[in-house]
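These are the residues of each chain, in order.
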Amino acid sequence: MAAIDPLVRELSQIVGPDAVLYRREDLIAYECDGYTVRKQPPRAVVFPSCTAEVSAVVKHLHERHIPFIPRGAGTGLSGGAIPLGGEVIISLVRMKRLLHVDYENRLAVVEPGFVNLKLTNAVAAKGYYYAPDPSSQYACTIGGNVAENAGGAHCLKYGVTTNHVLGLEVVLADGEIVEIGGVPDTPGYDLLGLLTGSEGTLGIVTKITVRILKNPEGKKTVLAYFDSVEEASRAVSDIVAAGIVPAALEMMDKTAIEGVEAGNYPVGHPKGLEALLLIEVDGISAGIDDQIARIVEVCQNRNVSEVKVAASEEERARWWANRKTAFPAMGAISPDYLVQDGVIPRSRLPEVLEKISRISARSGLRIANVFHAGDGNLHPLILFDARIPGETERAVQVGSEVLKACADAGGSITGEHGVGIEKKEEMRYIFTDEEIAAQIGIRDVFNPQNLLNPDKLFPKPGRCAEMRTAPGEAR
Amino acid sequence: MAAMAITKAITVGKIRPAAEPLHVLGNHGAYEVFPETEEEIAAVLQAAHAHSLSVIPMGGGTKRGWGGTLEKADILLCLSSCRGIVEYSPGDMTVTVKAGTTIREIAEQLAVHGQMLPLDPFWPDAATIGGVVAANDSGPKRLRYGSARDHVIGLRVVYPDGRVIRTGGKVVKNVAGYDMSKLFIGSMGTLGVMSEITLKLRPVPPCQSLLLLAFPNADFPAIRSFVLAVLDSTMEPVSLELLSPALHQAMNGRDGYALAIALEDGEKAVRYQEEWLIAHAPPGTEIRSWRQEEAAHWWSRFYRMFPSGVSPADRQAAEMALKIGSRNLDVLELVKTCHDLGERHGLAVEGHGGLGHGISRVYVKGDPARFAAYLQEVRTAAEERGGYAVVQHASLAVRRQLDVWGRPPAGFSLMQGVKRAIDPRQVCSPNRFVGGI
Ligand SMILES: Cc1cc2nc3c(=O)[nH]c(=O)nc-3n(C[C@H](O)[C@H](O)[C@H](O)COP(=O)(O)OP(=O)(O)OC[C@H]3O[C@@H](n4cnc5c(N)ncnc54)[C@H](O)[C@@H]3O)c2cc1C
C-alpha cells in the first residue's frame, strides 16, 4: 500500500478527517464532470463547510504551489472541473445553506453549494422564483451557475445568471476573502460581472446574493409541429420580428424528437415530424391571449402542421419535462453523446442548421438539435459510440466543426456551457491571439501563478503570446 | 512635444489647441483631437502611449463634471465625429454603433423597425452611447429593463497602447472567455477608448402610460406599504420612481412627494395595470396620468431637468449632482434624508430614486461652500445602509474640495491590478476614478 500523501493529513487538520477524500476508489467520481471525454483523478478532494475553511485550504495550497479546482455538482459540460494533473478539488457541496431571503428587496443569499431549483422551491410559497433555469437545475449548484454564467430556457426574456447576481463573497487565489457588489453600480470596475462566467479561474465563490422575481400573473405555452426545419426556423424569426418577447422559444429537430420520445418523459409527439417549437409567453394575463393569437398566426404562415396551446398546468409541465430532459434522453437512442453549445444570430438559423446536417452526413455521426432557438443558442448533440475505436475522437472533431460553422456565421463557440478544457482551442475561432492575451492579462491579476483551476479556458500559449500587431487588425 | 507626437498620428485638420484654455468642469485637454475612425483613435493612443501623454476621451460632454481632478490632460479625445450605425440586424434585435452616436440618434434609427435601446439615460440628445456606457448611466426605467451591463454584448476597445481588442461578440448569449465587456462599462474612460458598442434591443411596447401618484401629506408608512404591495403584486411597472417635493414641483407644479410609475406593454395589459394601481393607491393620493406621446414627453422633460456638462456655464459653478446606490427600499428613506438635509443646509435639493432598482440621484443648488458638509451627511446616511454616494457632477473647483468617490471599495487592489494590466502608463483619464485610478 502506498504511503498516504502528507498533504491529506495537513488538509484534514483544516477541514477535519471526514472532509477529505484521497483513496483511489473515492477519487474516481471526481475524474470528470458532465464532459466525459477526458478523465483524470485529482490529488485529493476537500469539502470545506464554511468560507473560513475555504480560505484556509486555499492559503495552504497557495503557499505550497499546489494547484486547485473549485467544484459544485460536477454537471458542467465543458470539463471545467476536470483535473489536468495534480490538482486538489475543493468541493463546495457542503456549503449548501440558504442564508437569507429578503422579499421586500427581492433578493436571496445562498451558499455556493445550494442547488438551483431549491431556491425557486424555497420562495415559491410566496409567489417568487429564481429566473435562471438550466435544464440541470435539479442538480447544479448556484456557485457553479455563477462560474459558468449559466442560462436556461427562460433566459430569453429574463436574462442569464449574470443578470441576476447582485453580490458575491469570493476567496481569491491566495486565500484572501473579498465581498463585492451588494448594491447596484458600486463604484469601481464591475468585478461582479467579470467574475461571473470566469469558470473558477479568478476566485472561489463562497456566498452569492441573487435577485428573486415575482411569478408572472399569467403564462401560456404553445407547441407547434412543423414538416420542415426551415419553416420552423423562419417562424422563430417571425415571432421575434412581430415584437413579441417570449419567455422561452425552444426548438427540437427530428432526431431530438426521436430521443425525447424514447426517453423517460415522452409526450406522444406525432411520428415523422421534422421540427417542433415550444413557445412560452408570460406576463400580465390581459395581454397574453393576443400574443398567443399572433404566435399561432405566425406559425400558420409558416405552414405549421399542428399548433396547440397547453390546456392545463399539468400538460404544460409534461411538455417542459420532455424538453428539459432532452440531453439524458439521448441515452435511449445512442450509447454516448456529446453536447455542443454554439450561438448564432437567430436570423441565420436555417443556413447554419443546414450546414450542421451536412457535417453530420459527412462524418457519419447523427446529430440531434435541441436548443434555445429564441436566442440562437444551439445544442447539437453528437451521437456516438465510445466502444468503437476512433469514434470518440470523431465526435470531438465534429463538435469542433459545428462550432466553426457557428463562428463563421458571426456567432460564438459557447452560449452557456463555458470553454473549460473542451473548447480551449476553439477560442481561436472567435478571438485573435492578442485578444486572448488580453484576457490572460486579466487572469494574471487575480490568479498570477495560475494555481486556481489552471490551464482552462485559454488555448496553449506560444501561439497566443503577446504580439504587437498594427492597430485595427483585429477586425 | 505633445503637439509633434499627435500631428504624426492624425491629420492636422483634426487637431486644434483647446478653443478655451480652461473649462469650469475641468477634464479638458491642451489639444482637442477629433478622430473620425477607429484607426485614428488607435493612432492617437499609440502616440500618447509612446510619449506618455494623458488622454481624456469625451463623447457629448454631458458627464464632464463627473470625477477627475485634472484641469486638463494633454489630449481631449472628442469622439463626436465617430458616429453612426455600423450594423443593425432587426431580425436579431442587435445593433452595433460607433461610440460617438447620440442616444437620440440611435433611438430614431431603431424606431423605424419598431425597436428600442432599453436604456433611458439622461440628456439623450447630447449624451453618446460611448459616454453612457463608460459612465454606466441609467434612468428610472432600469427597474424593468436593466442597465448597460444587461444590454451591452460586445465592444471594440482601443487599448491605451493603441491595440484594438474585441470583447464579447455580436450574439445575445455568449460565455466564451471572460466577460471582458463588464470591465469597460462604468470604467469612466480609464481603461481605453470604446470605439464600437454592440447592444441587445427590445421591441417598442405598443402602449405606454405614466401614472403620477402624489402624496401631499407625505405619509411615508402609507407610501411604503403601497410600494411593497406593488412590488409584491404581479404588476410589471417599468419605473417606480420616487420624486422629492422640489422635483415634483419643478416637473408638475405640485407639492409633496410623488411616485412616477411607467407602464409599457400591450394596450390591455397597460389599462389593467392602471386600474390596479389606482385601486390600490392609499387614500388621499392625487393621481394624474399621461398616455403615449404625452407620457413620452413627460419623460423627455425629466431627462433634461438636471445639471450636466452641457447645461449653461453660468450655472455650473453652483450645482452639484450625487448618485446614490442602496438596497431597493432604502431609496425611500434616502431620498427623504437628502431632501431634509437640503433644508437644513440651506440648499435647494431635487431628488429621485428607484424603489425596486436602488439608484437615487440628487441635484443640489446653492452656495458651493456648503456642498462638502451636505455630501458628507448624505454619504454617511447611505453607508449606514450598506450603500454609497458619489458626486456625479460638480465644477472642478468643487470636486477638488470634495471626496468625489468616497472610500475605495472592496476589491480595490484588484481594480488597481486591472488598471495596471491594461493601462500601465496611465494614459487614459488619469485620476478620474475611484481611489485615484
Ligand atoms: C443534463 C444537463 C443539462 C444542462 N443544461 C444546462 C442549461 O440548460 N443551461 C446551462 O447553462 N447549463 C446547463 N448544463 C451545464 C451545467 O449544469 C451548468 O454549467 C452548471 O452551472 C454547472 O454547475 P455545477 O454546480 O454542476 O458546477 P461544476 O460542474 O461543478 O463546475 C463548473 C465550473 O464551475 C467552477 N465552479 C464550481 N463551483 C464554483 C464556485 N463555488 N466558485 C468558483 N468556481 C466554481 C468549476 O471549477 C468548473 O469550472 C447542463 C448540464 C447537464 C448535465
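Owing to the predicted nature of the structure, the values given are computational and were not obtained by experimental measurement.

S.K.: Teacher, can you tell me more about the site of the ligand here?
M.R.: Residue and element names in this part refer to chain A. Around the ligand, 35 residues are found, and the nearest of them are P70, G72, T75, S136 and T141. Contacts to the ligand include A73, whose backbone N or O atom sits 2.9 Å from an oxygen atom. Within the contact set of the ligand, an oxygen atom lies 2.9 Å away from a backbone nitrogen or oxygen of G151. Relative to its unbound accessible surface of 970 Å², the ligand loses 96% to contact with the protein. Of all elements in the fold, only strand 3 (68-71), helix 5 (142-148), strand 10 (204-211) and helix 12 (326-329) reach the threshold of two or more residues within the shell around the ligand. Of the residues forming the shell around the ligand, the biggest block, 5 residues, is contributed by helix 5. A breakdown of the residues in the shell around the ligand according to their chemical character gives 15 nonpolar, 16 polar and 4 charged.

S.K.: Teacher, can you tell me more about the domain arrangement of chain A here?
M.R.: For interface size, the figure often reported is the accessible area lost on association. All names here are of chain A. Domain annotation for chain A reports domain 1 (6-91), domain 2 (98-214), domain 3 (217-331) and domain 4 (334-475). Each of domain 2 and domain 3 has a C-alpha centre, and the two are 29 Å apart. Facing 9 residues of domain 2, the contacting portion of domain 3 comprises 13 residues. Overall, the association of domain 2 and domain 3 removes approximately 880 Å² of surface from exposure, summing both partners, and the carbon and sulfur fraction of that is 50%. Inspection of the domain 2/domain 3 interface yields 2 salt bridges.

S.K.: Any chance you could explain the pairing of strand 13 (residues 239-243) of chain B here in plain terms?
M.R.: Note on strand geometry: in a regular strand, side chains alternate between the two faces of the sheet. Residue and element names in this part refer to chain B. Of all the 5 residues making up strand 13, 5 are buried; the element is thus mostly covered by neighbouring parts of the structure. In strand 13, alternate side chains face the same way, and those of S239, E241 and L243 on one face and L240 and L242 on the other are all buried. The pairing of strand 13 with strand 14 (residues 257-265) spans 5 bridges and is classified as antiparallel. The residue bridging L243 from the neighbouring strand is A258, located in strand 14. Here strand 13 runs beside strand 17 (residues 348-354); their pairing, made up of 3 bridges, is antiparallel. Considered in strand 17, the bridge of E241 is made with G354.

S.K.: Can you help me understand the side chain of A:T162 in this one?
M.R.: The residue A:T162 is located in the loop between helix 6 (155-158) and strand 8 (165-171) in this model. If we skip the residues at most four places from it in the chain, A:T162 touches A:N149, A:G193, A:T196, B:R149 and B:K182.

S.K.: Explain helix 9 (residues 245-252) of chain B here, please?
M.R.: The α-helix winds at 3.6 residues per turn, so residues separated by three or four positions along the chain end up facing the same way. Residues and elements named next belong to chain B. Along helix 9, the positions that sit buried rather than exposed are P245, L247, H248, M251 and N252. On an axial view of helix 9, the arc spanned by its buried residues comes to 160 degrees, and they lie on one face. Following helix 9 by one or two positions, G253 has its phi on the positive side, about 65 degrees.

S.K.: Got a minute to help me understand the pattern of salt bridges in this structure?
M.R.: For side chains of opposite charge, pairing can occur when their charged atoms come near one another. Residues and elements named next belong to chain B. Going through the model one piece at a time under the given rule, you end up with 60 salt bridges over all chains. Put simply, R271 and E274 hold a salt bridge, and the shortest N to O gap is 3.0 Å. With a gap of 3 residues between them, R271 and E274 both fall in helix 10 (residues 267-280), about one helical turn apart. In this structure R271 comes out as buried when scored by relative accessible area, which is 18%. Its relative accessible area of 5% is what places E274 among the buried residues. Its salt-bridge partner being R379, residue D403 comes within 3.9 Å of it at the nearest N-O pair. Of the two residues, D403 sits in the loop between helix 15 (396-401) and helix 16 (412-422) while R379 sits in helix 14 (residues 371-384), which places them 24 residues apart along the sequence. A single salt-bridge network, built from bridges that share partners, covers R104, E108, D125 and R304.

Conventions used here
Residues numbered from 1 in each chain as written. Chains lettered and ligands numbered in written order. Predicted model: local features only at pLDDT ≥ 70, side-chain atom pairs only at ≥ 80, totals over all residues. Heavy atoms only, no water. Near = heavy atom within 4 Å. Polar contact = N/O pair within 3.5 Å; in protein donor to acceptor, adjacent residues only side chain to side chain. Areas by Shrake-Rupley, 256 points an atom, 1.4 Å probe, with all protein chains shown as cover. Helix = DSSP H or I, 4+ residues; strand = E, 2+ residues; numbered from the N terminus. Nonpolar A, V, L, I, M, F, W, Y, C, P; charged D, E, K, R; others polar. Domains from an automatic or database assignment. Contact = heavy atoms within 4.5 Å. Buried area = accessible area lost by both parts, 1.4 Å probe. Salt bridge = Lys/Arg side-chain N within 4 Å of Asp/Glu carboxyl O. Buried < 20%, exposed > 50% of the residue type's maximum accessible area, 1.4 Å probe, protein only. Pairing = 2+ DSSP bridges. Arc of directions from axis to C-beta.

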